[in-house]
Structures are given as C-alpha cells and as structure tokens.
Amino acid sequence: MNITLRVWRQPNAETEGRMVTYGVENVSEHMSFLEMLDVLNERLTLEGDDPIAFDHDCREGICGQCGVVIDGQPHGPLQTTTCQLHMRSFADGAVIDVEPWRAEPFPVIKDLVVDRGAFDRIIQAGGYISVPTGSAPDAHATPVPKTDADMAFDAATCIACGACVAACPNGSAMLFTAAKVTHLNLLPQGQPERYSRVAGMVAQHDEEGFGGCTNIGECTAVCPKGIPFETISFLNRDLLGSLIKGNR
Amino acid sequence: MATVSLTPAKKAARSTVALKALMAVTGLIMLGYLIAHMYGNLKVFSGRASFDNYAHHLRDIGEPVLPHTGLLWIIRVVLLVSVILHAYAAIALWRRARVARGGTKRYVSPKARRGVQRSYASFTMRWGGVIIALFVIYHLLHLTANVIAPGGAAGSPYQRVVNGFQIWWVVLSYTIAMIAVGLHLRHGTWSALTTLGANTSAAARRRINALAYVVAAVITIGFLLPPFGILLGLVK
Amino acid sequence: MTEDNVVVDSIDADSVYVEGDPVMDTKAPGGPIEQRWDKRRFSARLVNPANRRKLSVIMIGTGLAGASAAATLGEAGYSVKTFCYQDTPRRAHSIAAQGGINAAKNYRNDGDSIYRLFYDTVKGGDFRARESNVYRLAQISVEIIDQCVAQGVPFAREYGGLLDNRSFGGVQVSRTFYARGQTGQQLLIGAYQALERQIAAKTVEMHTRHEMLELILVDGRARGVVVRDMVTGEIETHFADAVVLASGGYSNVFFLSTNAMGCNVTATWRAHRKGAYFANPCFTQIHPTCIPVTGDYQSKLTLMSESLRNDGRMWVPKRGEDKRDPRDIPEEDRDYFLERMYPSFGNLVPRDIASRAVKKVCDEGRGVGPSGLGVYLDFADAIKRLGKRAVEAKYGNLFDMYAQITGENPYETPMRIYPAVHYTMGGAWVDYDLESNIPGLYVTGEANFSDHGANRLGASALMQGLADGYFILPNTINDYLADGPFDKVDASHPAAVEAVEAVKSRIDKFLTTNGTRTVDSFHKELGHIMWEYCGMERSEEGLRKAISLIRDLKRAFWADVKVLGTNEELNQALERAGRVADFFELGELMCIDALHRRESCGGHFRAESQTPDGEALRNDDEFAYVAAWEFAGDNAKPILHKEPLVYEYIELKQRSYK
C-alpha cells in the first residue's frame, strides 16, 4: 500500500514547528506503524534529509516510551500503544497526520519527542511505599484479598506513556495519578501513607501545570492498558478523605 | 495557583480535585433546589389558588421558629453562595485547562476533533453554564422581581406566569434555557457523583449515567410542562 | 580502522586469541556453601553511616539491577548518581519480562528448597556457573519476594489472599511468582518507585536521556564516566568513588532480538576496552517462543512468555508437504515433537533445548507459516480441558498481544512461534563481590556474566537482577568504599580529558564520514551474520567465516556510514552509530569465544560436539571454566584468562530432560 504522512517537524524546543508531507510507498500491512517510520527515515537519511525523531524502545507495548497522536487520536485508531499499531489498520492511499503529545507540562524536545519528566516528579511526591531494602516481613505475613490484589494490579499496569494527557481536553494527568494512587492505596502495605500519598501526588500534579479532570473519559478511551475509569473516583475519595482527616 | 511555601496537604486543599469537589457539592445543592422549584411549578396545573397559595406559603415555612421569609432567605443565600463558588471553580478550572492543554489550537489534524467517545453534553458545560447564568438573571427579573414583564405585570405569581408564557418567544427562550440546563445536568450529575467518588465500577458507571439521564430528562421536561401547558391553552 | 593481521583461511581458534594467566575469584569464601554469603558479609568492611554521604557511586542503567541498587545505596546514605538513556528509569527493558520470578519459598510444599533452586539453576546452566554464586542467589531469592510484596508489587494471589505460584521450564516444582504476564513490569516499577523515593530524598541524582560513552580510570581505579546528554549533545564528565554498570545485555548484536531497540553493549564494552574482562560472550539465550519474523523491515521480535508452554503444546505436521490448515490436520498427522523427544519434561524442557528442537524440525522442512520458520503452539487441548475463560484468565494479555501483532486469533488457530535471541548470559567478568577486575568497577544484572552459566532458566533473570541490586552489591561495595573517599578528581584530570577527547573524536568521525549507507543497514547485516553463524548452532567453519565477514563489514562501516545532523541536538542516528560500532567489536569477540569453546553447553551448541541423538555434548575435561577475555588493543588478539569452575556439591552430569 501507499500512504501519505503529514508529520510535525520541529528542530528543537525553541523553534516553531510545522507539518511536513511525505509519501511512503510499498508499505506492507504487516509493518508496525513505527517500522513504517523506520523505512521512511532510512530513505530520508539516504536523501540527506534529517530523519524524523520519535521516541520508542521496547516495541512490544510495555515500556511506554513511544506515543504519537495519529489522526488526532493518541496512539492512533486502536486502543493500543503506537508500536503495536500495524499498517493493516489504515487504508491504501490514506493520508495520516502524525503529531506529538500536546500539553503544557510536556514540552516538545524535537519533532515527535516530548519531555514527560513531570510524571516522574508526581511519583516522587508519594507514588511509592516506604520500605527500605531488607526491612520487609515475610511475603505471606499479610494476606491480600484477591479482589483488591486484582484491582490494584489493573491500576498498576499503567505504562506512563502520557496518552491520557494527550487525549484529555483539559490536559489533565488525573488518570496517570489515579492509577498509582489506586494501586498503592488498595493494598494493605500502602495504608500507612495512604492520605499523605494522595495529597502529595495531587499537589504535584497541579504544580506541574496539568489541568483538572472533568470526568469526560477520553483518557480511558485511549489508554493502551485500559486503566479503569474508577481509579479517578478512587483518587477523589481518598483526596477528600485526606482533607477531612487533615493530614499534615 | 498554589504558592511555594504551602505544604502538600494545603496544596491538596486548593487542588483541582478539591475545586471539582466544591463544584460537585454546589452543583448538587442547586440540583436539589431545581427539583423543589420544579415541584412548585407543576402546581400551576392545580389552578391559581393552589399556585399562589404555594408561592405565598414559601414565605412562612418554618414560622414561628424562623422569621417571615426567613427560610426563603436562607435558601437564597445558600443558592447565591453556591452559584458564586460554582462559577468561581468553573472559571479557575477552565483557565487552568486552557493553559494545560497547550492552547486552543492543539492538534493540527482536523480529524477526531469530537474526541473518541465523549458525550455531546460534555461539550456544553462551559458555554451552557454561561447561558444558564444569563438565563437565571433574566428569569429572576421576570418572575421574581417582576421587573421585566412580557405579557403584562401582575401581583399574582400565577398571573405573571400565565401572562408570560402565552407569548411564543418567551416560551422559546425558556425552552432553550431548559435544554441547556438538561445538557448541563446530564454531564454535571454524572461528573459530580464521580468527583465525589461514586464511580466505583463499570456497573456503578452505568447506574450513574442512567441516573444522570433521568435527572436531566425529569428536570427539563418538568420545567417545560407549565410553559407549554400555558402556550397550548391547557392552563389559563 | 582495523588492519587485519589474519587472513580468512587461517582464522581458527588458536590464531585469533592468545592465552594469558588464569583469573581467580579471590573474594568467594570457602567452607560450607550455605555459610559463604554470611561469611563474606561479615568479612566485608563496613562504612560508618556518618561517612557514607561523603562517598559517591555512579550507576549506569536503571533497570531492575540498577534501580534497586541505586535505591538501596541511597537509603544507606551514599551519594548516588544514576544515568539512563530512556526518558525515565521506569522504561528499562526489565519491564518486558513476562513470566515471573523464582523464589525457593516452598509455599507449595512440593519439595522445593534453597538447595533445589541452587541445583536446578546450576544444572539448567549446564554446569558452567559458579556454585557459590548460584547458592547465594537461591538464598536471596526468598528475601526478594518479601521485599517486593512490601513495596506493593501486585503479585497474583489466590482467593485466600496468599500468593499464587506457577511452574516454569526446566524444573518440576512450582516456585515462580508472577503478576499476570507482566511480572517484569511490576517488579521494575517497584524498584523505580523506591528509586524515585530516594530521588525525592535527594540521596540519588537522576540523569535521564544520558548515555555513558566512556569509563574514566584514575590510578587504575574506576573513578568516573563520560556521558552524552542526548537532548543537547553536551559531553559531560561525572566522578565518583566507584562506578557500577547495570546496563543490561547485548542481544541486540543480532539486530533482531526481543530486547528493546535501545539496548546496547556500549557501557560494558567501553569498560572492556579500558581493561575489564568480558566473560563467556558467546553464551546467548535463544528463547523458543517468539512471534516469527514477517519481513525484512522488521525491527524487533516479540517474546511470548515461556509460561505458555505450561498449557500449550508444540507441534508440526509429520510431513513437511502437509500444508493443510492446522485445525484440519488430524492428531495422527501431527508430531508433538517435544513430548516425543523428552517424555518426562515434555513441553517444559529448558529454553535452549526447546529452541534447538524447533530449529531441528524446521531444518527438516516441517516448519509452518509463510517462511517455513515456525512451529505451532496449540491451546486447543487446554481450552477443551479448562475452558476458554480459564485460559483467558491465565494468558489473556499474551493472546491479545499475539492477535495484535499477527492479526490472527490464537483462541481459534494455533499460535505460530519461532526462537529468537532473548538474553545474554555472558557479560563483564565479576568476582563474588560483583566487582570486575578493575578496582571500583562493579557490574550487576544481565550486564555481568552472572550466575546462569551457559543457559538461564526461565524466571531467573528477574531474580538475579534484584538479588544483585537489592542485596548483594549493597553488602559488598562497602568493602571497597571503606577505603574512600579517594582523592578528588575533576574534568581537568588528564585521564578525563583524554576520555572526553576520545568520545568527541569518535562522534566527529561518525558525523563527517558522510558515506552512502545508514547505520541500520550495517546493523541488520551484522545481525544476519551473527544469527547465521553464531546463533542456535555454531560450527568451526561458520565461525571462521563470520569473523572475517564481521571484520570486512566493520571496515565498511567506518568508511561508509552516513549519519546526518550535528552532535548538538537530539540525534538518534548518531546514538545508534556509536552502539553499532561497539557491536561489531563485541560480535567478533563472541565468534572468537564460540570458536575457542569446542564443546556444546547450554545455549552454545557446536555442531561438532553432540551426542548421537543430537543433544549438546559438554567437554568438562577441557572446558569447565569461565572464559574471561581481555582487550589487548584494536588490532591485537584478545587475551583469554580462564577461571576454572569447581563443583564441590553438584556432580557434573550430562543434562537429561528425557
């Protein structure tokens, strides 16, 4: 198949970007979207054009490093990571728009690459259980009800790709933040820091400049890991709990 | 938004989530008022005496514990505070979101502008809220303060209602406003309950959404029955 | 760049390397094996908590081994600086491990013990690992699970609230703890969170999107690194009292592997060029169950967890010409080859054995799929026995992944799988303390030559990475740091200046060559050579040919590579150029190592050394040693140092999984 790509090109954070059009011929439907970009980059290099910079690493949908907005949708038309999107999802002759995640806290570094350091800082603000190495009791000391363990796991599968932010009309990272709060606050091990965790993480979320959640659900509709919507309600409940309890 | 020296807990108390909770609570207060208001409106179908009596009686509920019109004023104050806080939170969150999303021109691609799955109602929250605010002012001037009097001023509340709603464009303006209210409630009810933590599972989500549809439909239809009843001559 | 002093015809094992003195692990204590780790912890000198802040450690890589070590050292009070090439430490490729992590908890009461895990691992590694190390690994496995559960890692649980286990290839007990098919992700995120907690506490300073390009040695000690800021291109120097490499494995020398695109050997290879021995480079693991290659544009291979072999049955048609739809092929025309060849372990034989069996049936012309390089992994029986829902609960995410990539529904038609390079047992040589032969240079996780011998058992990589990071390094590095802080070094030190110059001139060379071929085209060609001649089956003749092909290709690379742009920007081709340049040198050493090891063991299968029924045939008399290679210069033959392997507890036996 042959396709036309319109790609956001921006040399660096300081320079204005623009959409540039490229034709890509003889695309196999079995190619992944990123492999199609690889093929284009090989050609651009040989032609002496700067290849398109895009983030990627594991290419099996788990590391969370890849992610571009394809035709206005984060990660494209399927609910998966960009690396797991294959060209069979597009029609021959398609014109495909490719843009970076857009949000104030995710500044563009180059072309399709953005800086998601804000996520790390949200985790630093409480997204952990304080347990110094070697201080743990036996793994079976605290049974965890299976339903809680399963729900915590569902939330813990977040890969921090940032699609939720890119999709949210408010530029909110609430799904990312809520996934971590839910994961840790559901487990017995997470209880001692339950309220300081949620307060710290929400405060940092706002500090980074993310917007507020309006419960529209676009985040969960594009989340490649299907992080459940209810995590946000869980975060809300715990935050209100922390306000009532007047922690710290 | 938050200043540097605040502790995380204090920042959390001023956070977007706290603001949303404030919006949710104030919104639900106003929803409660709307339900009572709608109930009163429907009395127009029981005739002038019943309606005027009801309107009058509102002023002496709670007597003698409360002074005359005491409860009414309490309600008015609570509502006014709710409106102000609701609007304040809305404006603050809207301004944040506008910056956070990276400006109004976000994606160049014209595709998927409507989002992936979001409801139409969710698009109407902000301008819908403004319409409702403007409408409330007009509405108070018309039927409460008796300042604007399409169809003729009258001492009897019943008469004011009937006078006004015999005119098609008055009914039309109320209809538009009530549709805006309906859409606002469709997303607002869902969003408020979710913000307060009720969205606990996919099943809960279905229930809250169903409830939001019911609330929106009941309020919209309930408020539109009297004007249309009058316009169509069922109430004279 | 390279001037060869050997012509192709004369490339044989003896003309491509020279043998040096044996190397010894001087830190491993003697005595009863179960007391050795205690003894070493006791003999290692301690650092007063008040002094730790003045001691600094550089950590390269933040996967399981790096993040866990950095967090633990930070908690202990040392000043730690960490570097990773990804945009956040949470993306390290440890995240992709699916199946699980072993621990000798014996929660199943099925006869497991520390000793059995030790035994299984040594045997699974085909007797090419150190007994002391492996025993320690088995001991620590128990603590790892405790630590991770306390951190909130959501392992699979049963209805009673206790942890679930499953079994894995090469063993007959259920000792594998798992979090659906995402165990590596959950463990890495646990370590990542512990690391972020230390970053917040300011004991660890994190540098993301930074790549180590050179090691700085001062007075024979590892004292710093040269890194490139991958966003601005700035070449920076960082100094510390000790340097730890936790930079992962080198499977990407094959271009196509299950590793992440960015995984590379540069950190350990640069250290190797500065004197660190590189041990057993030819020991690579080919994982039997990966999704087959579809085309030459392919950029990576995707693993399907080994756990699938618990319920999936591997088969091919009995006759190669049988091209029917697999569902239409009746039982009597199918060959369940693993069950036939290895009746007692069946589909659960270790990875190297399963991979070779797959290769064998494909070589016989019975492979399936468009390329003929594939076998079926069939769940029809499991679905019939357990029901679709039970299978979905166990493997749902793996099935989804398969469907996503291939466009086929594995609930309906059998999966097609083929082996792919997955893990490298070889790596920097380290002693019992995880210290390389360069004082102050420690290597952890997959980057060291590790505890796996010639083949790694499933669910052991996560165990080793975390054992190294949480428990071993933090209890051994203090013995070295007790002598510190060492004299202050800064960027003006001649050793630093020289290292920076070397890095800059290499970058300059890439950017100014302006040839006609892309970096990837060279990398792919190198990968083909490695897979063809240094893959699942190696031969004297093939390896000789490979060495000569690699040398030619390396020359062509340095003369004809095309890298556009400048250093002072995000330049992904430039990053890759440096990595591929190091892969050439590594690839050559791998072939030399494979050539010199004239025996088959574990993942290293020499065609010349097999039993009558085609199994790997070890030669313990001549090759029961670790091959530690010393870099002798760009055009010089590498020097082989042998570390003899002594087995006091486990009897050397031919592995049998029949």
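Our subject in this report is the structure included herewith. Just so we're clear, the structure is a prediction, and the values are computed from it rather than from any experiment.

1. What about the arrangement of the chains?
The highest contact count of any of the 2 pairs of chains in contact belongs to chains A and C. For the non-touching pair chain B and chain C, the nearest C-alpha separation works out to 14 Å.

2. Focus: the sheet that holds strand β3 (residues 69–70) of chain A
Residues and elements named next belong to chain A. What the 5 strands build is an open sheet, ordered β2-β1-β5-β3-β4; its pairing is mixed. Only two strands of the sheet have a single neighbouring strand rather than two, namely β2 (18–24) and β4 (73–74). Judged from the 4 bridges that link them, strand β1 (residues 3–9) and strand β5 (residues 95–99) form a sheet pairing that is parallel. The residue of β5 that forms the bridge with Arg6 is Asp97. Along the sheet, helix α1 (residues 33–47) makes contact with β1, β2, β3 and β5, crossing β2 at roughly 90°.

3. Quick notes on the sheet that holds strand β9 (residues 221–229) of chain C
All names here are of chain C. The antiparallel open sheet is built from 3 strands, whose spatial order is β8-β9-β10. Taken across any chain shown, the strands that pair with only one partner, and hence form the sheet edges, are β8 (210–218) and β10 (235–239). For this sheet the average axis-to-axis angle between neighbouring strands, irrespective of direction, equals 30°.

4. Describing the nonpolar core
Ile101(C) and Phe155(C) are the most contacted members of the largest nonpolar core, which totals 151 residues. Here this core gathers at least three residues from each of two domains, domain 1 (3–110) and domain 2 (116–132 + 142–245) of chain A. The contacts of Ile101(C), once residues within four sequence positions are left out, are Ile144(C), Ile145(C), Phe155(C), Arg175(C), Thr176(C), Phe177(C), Thr183(C), Leu187(C), Ala459(C), Leu462(C), Met463(C) and Leu466(C). Counting residues in hydrophobic clusters, the runner-up holds 101 residues, among them Phe379(C), Leu574(C), Leu586(C) and Phe623(C).

5. Quick word on the interface of chain A and chain C
Taken together, the 76 residues of chain A in the interface contact 73 residues of chain C. Taken together, the two surfaces of chain A and chain C that pack against each other cover about 6,100 Å², and 53% of this comes from carbon and sulfur. Along the contact surface separating chain A from chain C lie 6 salt bridges. Here Arg209(C) makes a salt bridge to Asp55(A), at a shortest N to O gap of 2.7 Å. Linking chain A to chain C there are 42 residue pairs in polar contact (both at pLDDT 80 or more). At the level of secondary structure, the elements contributing two or more residues to the side of chain A that touches chain C comprise α1, β6 (108–110), β7 (113–114), α2 (117–124), α3 (146–156) and α5 (174–186) of chain A. Along the lines of polarity and charge, the residues of the side of chain A that touches chain C split into 37 nonpolar, 21 polar and 18 charged.

6. Some points on the packing of aromatic side chains
If you walk through the whole model with that rule in mind, you get 37 aromatic pairs over all chains. Summarising the aromatic geometry, the rings of Phe135(B) and Tyr174(B) are spaced 4.9 Å apart at their centres and angled 85° between planes, so their arrangement reads as edge-to-face. Placement of the pair is Phe135(B) in helix α6 (residues 125–144) and Tyr174(B) in helix α8 (residues 168–195), with a sequence separation of 39 residues. The two residues Phe135(B) and Tyr174(B) agree in class, both being buried. Summarising the aromatic geometry, the rings of Trp315(C) and Tyr376(C) are spaced 4.7 Å apart at their centres and angled 40° between planes, so their arrangement reads as tilted. In this pair, Trp315(C) is assigned in strand β14 (residues 313–317) and Tyr376(C) in strand β16 (residues 375–378), connecting sequence segments 61 residues apart. This pair shows no difference in class: Trp315(C) is buried, exactly as Tyr376(C) is. The structure contains a cluster of three or more aromatic residues connected by ring pairs, namely Phe510(C), Phe522(C), Phe557(C), Trp558(C) and Phe584(C). One Lys or Arg, Arg136(C), reaches over the ring of Trp37(C) and ends 4.8 Å from the middle of that ring.

Conventions adopted
Residues numbered from 1 in each chain as written. Chains lettered and ligands numbered in written order. Predicted model: local features only at pLDDT ≥ 70, side-chain atom pairs only at ≥ 80, totals over all residues. Heavy atoms only, no water. Contact = heavy atoms within 4.5 Å. Pairing = 2+ DSSP bridges. Helix = DSSP H or I, 4+ residues; strand = E, 2+ residues; numbered from the N terminus. Axes fitted to C-alpha atoms, helices over the stretch in contact; angles between N-to-C directions. Core = buried A, V, L, I, M, F, W, Y, C linked by side-chain atoms within 4.5 Å. Buried < 20%, exposed > 50% of the residue type's maximum accessible area, 1.4 Å probe, protein only. Domains from an automatic or database assignment. Buried area = accessible area lost by both parts, 1.4 Å probe. Salt bridge = Lys/Arg side-chain N within 4 Å of Asp/Glu carboxyl O. Polar contact = N/O pair within 3.5 Å; in protein donor to acceptor, adjacent residues only side chain to side chain. Nonpolar A, V, L, I, M, F, W, Y, C, P; charged D, E, K, R; others polar. Phe/Tyr/Trp six-rings, centres within 6.5 Å; stacked < 30°, edge-to-face > 60°. Lys NZ or Arg CZ within 6 Å of the ring centre and 35° of its normal.

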